[in-house]
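An overview of the molecular structure
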Amino acid sequence: KYFKHSSFKKSFSENRLVISFLSLALLAIILLSFLRVNNFMKSENPNATIFKFSNDISSKVNENDLIIYPSDGNPTLLYLSNRRGWILNPVDLTSEHISEKKDQGAKYIISEKKVFENEKQKENLKNIFDKYEIVVDNDEYFIASLKNK
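Since the model is a prediction, treat every value here as computed from it, not as a measurement.

1. Considering the sheet that holds strand β1 (residues 66–70)
An order of β2-β1-β3-β5-β4 is seen for the 5 strands of this open sheet, with the pairing classed as mixed. Every interior strand has two partners, whereas the edge strands, β2 (84–88) and β4 (132–137), have only one. Averaged over neighbouring strand pairs, the angle between their axes works out to 25 degrees when direction is ignored. Of the strand pairs in this sheet, strand β3 (residues 106–112) and strand β5 (residues 141–148) are connected by 5 bridges, and their pairing is antiparallel. Looking at β5, one finds that Ile-109 is bridged to Ala-144. Docked against the sheet, helix α3 (residues 49–60) engages β1, β3, β4 and β5, running at close to 25 degrees with respect to β5. With respect to the sheet, helix α6 (residues 119–131) is in contact with β3, β4 and β5, its orientation differing from that of β4 by roughly 105 degrees.

2. Digging into α3
The end-to-end C-alpha distance of α3, which contains 12 residues, comes to 16 Å, matching closely the 16 Å that a straight helix rising 1.5 Å per residue would cover. When we look at burial in α3, the residues that qualify are Phe-51, Phe-53, Ser-54 and Ile-57. For α3, the angular spread of buried residues about the axis comes to 160 degrees, placing them on one side. α3 presents Asn-55 and Ser-59 as exposed residues on the side facing more than 90 degrees away from its buried surface. Where α3 is buried, its residues contact β1, α4 (76–81), β3 and β5.

The rules we used
- Residues numbered from 1 in each chain as written.
- Predicted model: local features only at pLDDT ≥ 70, side-chain atom pairs only at ≥ 80, totals over all residues.
- Heavy atoms only, no water.
- Pairing = 2+ DSSP bridges.
- Helix = DSSP H or I, 4+ residues; strand = E, 2+ residues; numbered from the N terminus.
- Axes fitted to C-alpha atoms, helices over the stretch in contact; angles between N-to-C directions.
- Contact = heavy atoms within 4.5 Å.
- Expected span 1.5 Å × (residues − 1).
- Buried < 20%, exposed > 50% of the residue type's maximum accessible area, 1.4 Å probe, protein only.
- Arc of directions from axis to C-beta.

The structure is reproduced here in structure tokens:
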């Protein structure tokens, strides 16, 4: 009653290009959405560095201890390990800044080593390793207690 076969056929033939484009766009959206979700789920690998690091933090750092976390600004590691603290740019990780945060209650410095990119940042990292007790140290990350050696 509402759709006459002849009028539908005529409408389809007149708008074939538009309907083809919309169909192609719908298929592209579905495919790209699948690829994006698939890529996101791959990063949720329990063997990924961030999960190993958060497990080490959870086992080595008391839940109420405050943390200094030099990073690119992403707080995910603090969330995963259920810890609180300060996120700093690795350039700002000077002895003075560490002392200031230590006075505010910081007990540990945790970080991935890859965020220490330039010479100034690498010098700051070396100072941490020279001055403080290292609790965990591997190729990818470290945990340093703010107790002096």
